[in-house]
Amino acid sequence: LRFSPGQFVYVSFPELENSEYHPFSIASGKNDGELRLVIKRAGDFTTELHKLRKGAHVNVKGPFGGFTFFAARRKKQLWIAGGIGVTPFLSGARSLRQSTETGKIEMIYATIEDKPYGLKELEAIEHKNPSFNVTHFHQDTFGHVSLKTLQDQFKDIHERVIYLCGPPPMIQAIEKEAAELGLSKNLHFEAFSY
């Protein structure tokens, strides 16, 4: 499957009662050689997935979507992930090439979990790649992620391409802030509302 990090696929499982296609972001790295999806139990369909047996047949359509990091590959970036919105960023981080440009990609991973999915892997990628830095924002400690707060941390925020993926209320709040701060042109996002 040829894809760009940040894209998604539609999947269907013929063994399930509900065999309709559902969209999921690709979590695999570009050269992993396998298709990896990270799926959170959030509704009837995702709850049914635990019934699948190992080796179950899956139908895949795609890839789709324009939420990719390719166009900004030579620019400084700020990735903001909320909860399961980490999935396209896992794909992006797994696909990074080594670079000596420190802080080229800064990632904020905002969660309510103490040990969110993928954090250890993101930290391992950070350890190996000086161009990538990840910071876990736990809601109990830092509150909701805010561009106003982040601009104090990243003085060059107006020079960064900002990628955002997470729950709709988070997207709406940051989109509003981006307009207030003159960052709307920098902001690219994908909301989960299926």
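Right above here is the structure, for reference.
Residues numbered from 1 in each chain as written. Predicted model: local features only at pLDDT ≥ 70, side-chain atom pairs only at ≥ 80, totals over all residues. Heavy atoms only, no water.

Caption draft 1: Representation of the overall build of the chain within the structure. Helix and strand counts for the chain stand at six helices and eight strands. Overall, the chain shows an N-to-C arrangement of helices and strands of β-β-α-β-β-α-β-α-β-α-α-β-α-β. For 194 residues, the compact-globule estimate of 2.2 N^0.38 gives 16 Å, and the C-alpha radius of gyration of the chain, at 17 Å, lies within 12% of that figure. If you line up the chain on its principal axes, its C-alpha atoms span 50 × 35 × 30 Å. Out of the 194 residues in the chain, the part that is buried amounts to 44%. Within the chain, contacts between residues separated by at least 24 positions form 73% of all contacts whose residues are at least 6 apart in sequence. (Helix = DSSP H or I, 4+ residues; strand = E, 2+ residues; numbered from the N terminus. Rg over C-alpha atoms; globule rule 2.2 N^0.38 Å. Buried < 20%, exposed > 50% of the residue type's maximum accessible area, 1.4 Å probe, protein only. Contact = heavy atoms within 4.5 Å.)

Caption draft 2: Local environment of the pattern of salt bridges. For the structure on display, the rule yields eight salt bridges. Glu15 is the salt-bridge partner of Arg53, the closest N and O atoms lying 2.7 Å from each other. Placement of Arg53 in the loop between helix H1 (44–48) and strand E3 (59–64) and of Glu15 in the loop between strand E1 (8–12) and strand E2 (22–25) is noted, with a sequence separation of 38 residues between them. The exposure class assigned to Glu15 is partly exposed, which follows from its relative accessible area of 39%. Here the residues in one salt-bridge network are Glu34, Arg36, Arg94 and Glu121, joined through shared partners. (Salt bridge = Lys/Arg side-chain N within 4 Å of Asp/Glu carboxyl O.)

Caption draft 3: Up close: helix H2 (residues 87–94). By the criterion of burial, H2 is predominantly enclosed, with eight of the eight residues buried. Along H2, the residues classified as buried are Thr87, Pro88, Phe89, Leu90, Ser91, Gly92, Ala93 and Arg94. In this structure, the buried side of H2 is in contact with E2, strand E4 (77–82), strand E5 (105–111), helix H3 (119–128), strand E6 (132–138) and strand E7 (161–166).

Caption draft 4: Here's a closer look at the side chain of His138. In this structure, His138 sits in strand E6. By relative accessible area, which is 8% here, His138 ends up buried. A polar atom in the side chain of His138 sits 2.9 Å from the side chain of Asp114. Apart from residues no more than four positions distant in its own chain, His138 is found in contact with Thr111, Ile112, Glu113, Asp114 and Gly143. (Polar contact = N/O pair within 3.5 Å; in protein donor to acceptor, adjacent residues only side chain to side chain.)

Caption draft 5: Here's a closer look at the packing of H2 against H3. Their axes nearest at 10 Å, the elements H2 and H3 cross at an angle of 30 degrees. Comparing their axes, H3 and H2 come out roughly parallel. Regarding H2 and H3, the two cross each other, and that crossing is left-handed. Between H2, through Leu90, Ala93 and Arg94, and H3, the contact on the second element is made entirely by Glu121, Leu122 and Ile125. The residue inventory of the contact of H2 with H3, partitioned by class, reads four nonpolar, no polar and two charged. (Axes fitted to C-alpha atoms, helices over the stretch in contact; angles between N-to-C directions. Parallel < 35°, antiparallel > 145°, perpendicular 65-115°, else oblique. Left-handed = near helix turned anticlockwise from the far one by under 90°. Nonpolar A, V, L, I, M, F, W, Y, C, P; charged D, E, K, R; others polar.)

Caption draft 6: Representation of the pairing of E4 within the structure. For E4, the buried fraction is high: six of the six residues fall into the buried class. Bridge count between E4 and E5: six bridges; the pairing is parallel. Note that in E5 the partner of Gln77 across the bridge is Ile105. Where E4 meets E7, five bridges bridge the pair, whose relative direction is parallel. Paired with Gln77 across the bridge in E7 is Val161. (Pairing = 2+ DSSP bridges.)

Caption draft 7: Representation of the sheet that holds E2 within the structure. Across the sheet, three strands lie side by side as E2-E1-E3; this open sheet has antiparallel pairing. Each edge of the open sheet is held by one strand with a lone partner, namely E2 and E3. Pairwise comparison of adjacent strand axes, ignoring direction, gives a mean angle of 30 degrees for this sheet. Here four bridges tie E1 to E3, and the two strands are oriented antiparallel to one another. Following the sheet pairing, Phe8 is matched in E3 by Phe64.

The quantities given are spatial measurements derived from coordinates; they are silent on function.
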